[in-house]
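Below, each chain spelled out in residue letters.
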Amino acid sequence: MAARFGLLPALLLAFCLLFPSATLASSFEYCNKGADYAVNVSGVDISPYPIERGELTTFTISAYTGDVISEGKLVIDVKYIWFHVYQETHDLCSETSCPVSAGAFELSHKQTLPMVTPPGWYTLTMTMMGEDGKPLTCINFDFSIGFMSSVADS
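Residue positions are given per chain, counted from 1 along the sequence in the order it is written. Residues qualify for local features only when their pLDDT is at least 70, as the model is predicted, and side-chain atom pairs are given and counted only at 80 or more; totals for whole chains, interfaces and linings, by contrast, use all residues. The side-chain values count all of the structure's non-hydrogen atoms but skip hydrogen atoms and water molecules.

The name an unreviewed UniProt entry assigns to the protein is Phosphatidylglycerol/phosphatidylinositol transfer protein-like, from the organism Phoenix dactylifera. Looking at the protein in UniProt, the text filed under Sequence similarities (unreviewed entry) is "Belongs to the NPC2 family." The Function (unreviewed entry) comment attached to the protein in UniProt states, word for word, "Catalyzes the intermembrane transfer of phosphatidylglycerol and phosphatidylinositol." UniProt positions are given in the numbering used here, feature names are shortened, and annotations may be inferred rather than shown by experiment.

What follows is the structure, encoded as structure tokens:
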């Protein structure tokens, strides 16, 4: 597995097998590394980790802004391997308290994945759009859906 996917996924899988109900502080990358986004992301936490099909998972994004944000949208795109498999759009104010004051804030999104979701590695792209439709930030991060999920429990 390490040769096919790299060392990090193998280490994460080993960690998840040792600590099955852990929280993961996931690394992320900006969609456009050279962009001057109005919102700077400082962290992504996924709990519990690894994600289990049929179980409630919380994605928490820690961020900072220099401006007040009164409204916007959160667009979430998910890829499995290289295939786009899912997209959803949320009102920003349903994921955090609005208006967002200048300074540090958190977005929190809860999701229960269907039992038919295939196990493996996924890439999530989260774009926060301002009221004018322009991106305030955009990040990508990887996560896995547990190979140990029991389909028999459904």
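**A short note on the nonpolar core**
Take the buried residues of types Ala, Val, Leu, Ile, Met, Phe, Trp, Tyr and Cys, join any two whose side-chain atoms come within 4.5 Å, and each joined set is a nonpolar core. With a 1.4 Å probe rolled over the protein chains alone, any residue whose accessible area is under 20% of its type maximum counts as buried; one over 50% counts as exposed, and the rest are partly exposed. Counting residues in hydrophobic clusters, the biggest one holds 28 residues, and the most contacted among them are Ile46, Ile51, Ile61, Leu107, Met128, Phe141 and Phe143. In DSSP terms, a helix is any run of H or I states spanning at least four residues, a strand is any run of E spanning at least two, and both are numbered starting from the N terminus. Those elements that place two or more of their residues in this core are strand E3 (39–49), strand E4 (56–65), strand E5 (72–80), strand E7 (103–112), strand E8 (120–130) and strand E9 (135–145). Contacts are assigned to residue pairs that have any heavy atoms within 4.5 Å of one another. In contact with phenylalanine 141, other than residues within four places in its own chain, are Ser26, Ser27, Phe28, Val44, Ile46, Phe59, Ile61, Tyr122, Thr123 and Leu124.

**Considerations on the sheet that holds strand E2 (residues 29–30)**
Spatial ordering of the open sheet is given by E2-E9-E8-E5-E6, a layout of five strands whose pairing is antiparallel. Two strands in the sheet have a free side with no partner beyond their single neighbour: E2 and strand E6 (83–91). A pair of strands is treated as paired once DSSP finds two or more bridges between them. The pairing of E2 with E9 spans two bridges and is antiparallel. Bridge pairing in E9 links tyrosine 30 to isoleucine 139.

**What about the state of the cysteines?**
Our working definition of a disulfide is a cysteine sulfur pair at a distance within 2.5 Å. The full count for this structure, using the stated rule, is two disulfides. Linked covalently through their sulfurs, cysteine 31 and cysteine 138 form a disulfide whose S-S length is 2.0 Å. Here the S-S torsion is close to -65°, and the disulfide linking cysteine 31 with cysteine 138 is therefore left-handed. On the criterion of sequence distance, the pair formed by cysteine 31 in the loop between E2 and E3 and cysteine 138 in strand E9 is long-range, its members being 107 residues apart. For cysteine 31, a relative accessible area of 32% translates into the label partly exposed.

**Digging into empty space enclosed by the protein**
Think of a 1 Å grid over just the protein atoms. A cavity is a set of points where a 1.4 Å probe fits yet cannot get out, a pocket is an open set with protein on both sides within 12 Å along at least five of seven lines, and lining residues have an atom within 4 Å of a point. Grid points are joined across faces, edges and corners, and a volume is the space filled by probe spheres set on the points. The final tally for this structure, using the stated rule, is one cavity of 30 Å³ or more. Considering only enclosed or pocket space, the largest cavity measures out at about 90 Å³ in volume. Taken together, Phe59, Ile61, Leu74, Ile76, Glu95, Leu107, Ser108, His109, Leu124, Met126 and Phe141 make up the full set of residues lining the largest cavity. Elements with a minimum of two residues in the lining of the largest cavity: E4, E5, E7 and E8. For the lining of the largest cavity, the element with the highest residue contribution is E7, accounting for three residues. Think of it as three bins: nonpolar holds Ala, Val, Leu, Ile, Met, Phe, Trp, Tyr, Cys and Pro, charged holds Asp, Glu, Lys and Arg, and polar takes everything else, Gly as well. The residue inventory of the lining of the largest cavity, partitioned by class, reads eight nonpolar, two polar and one charged.

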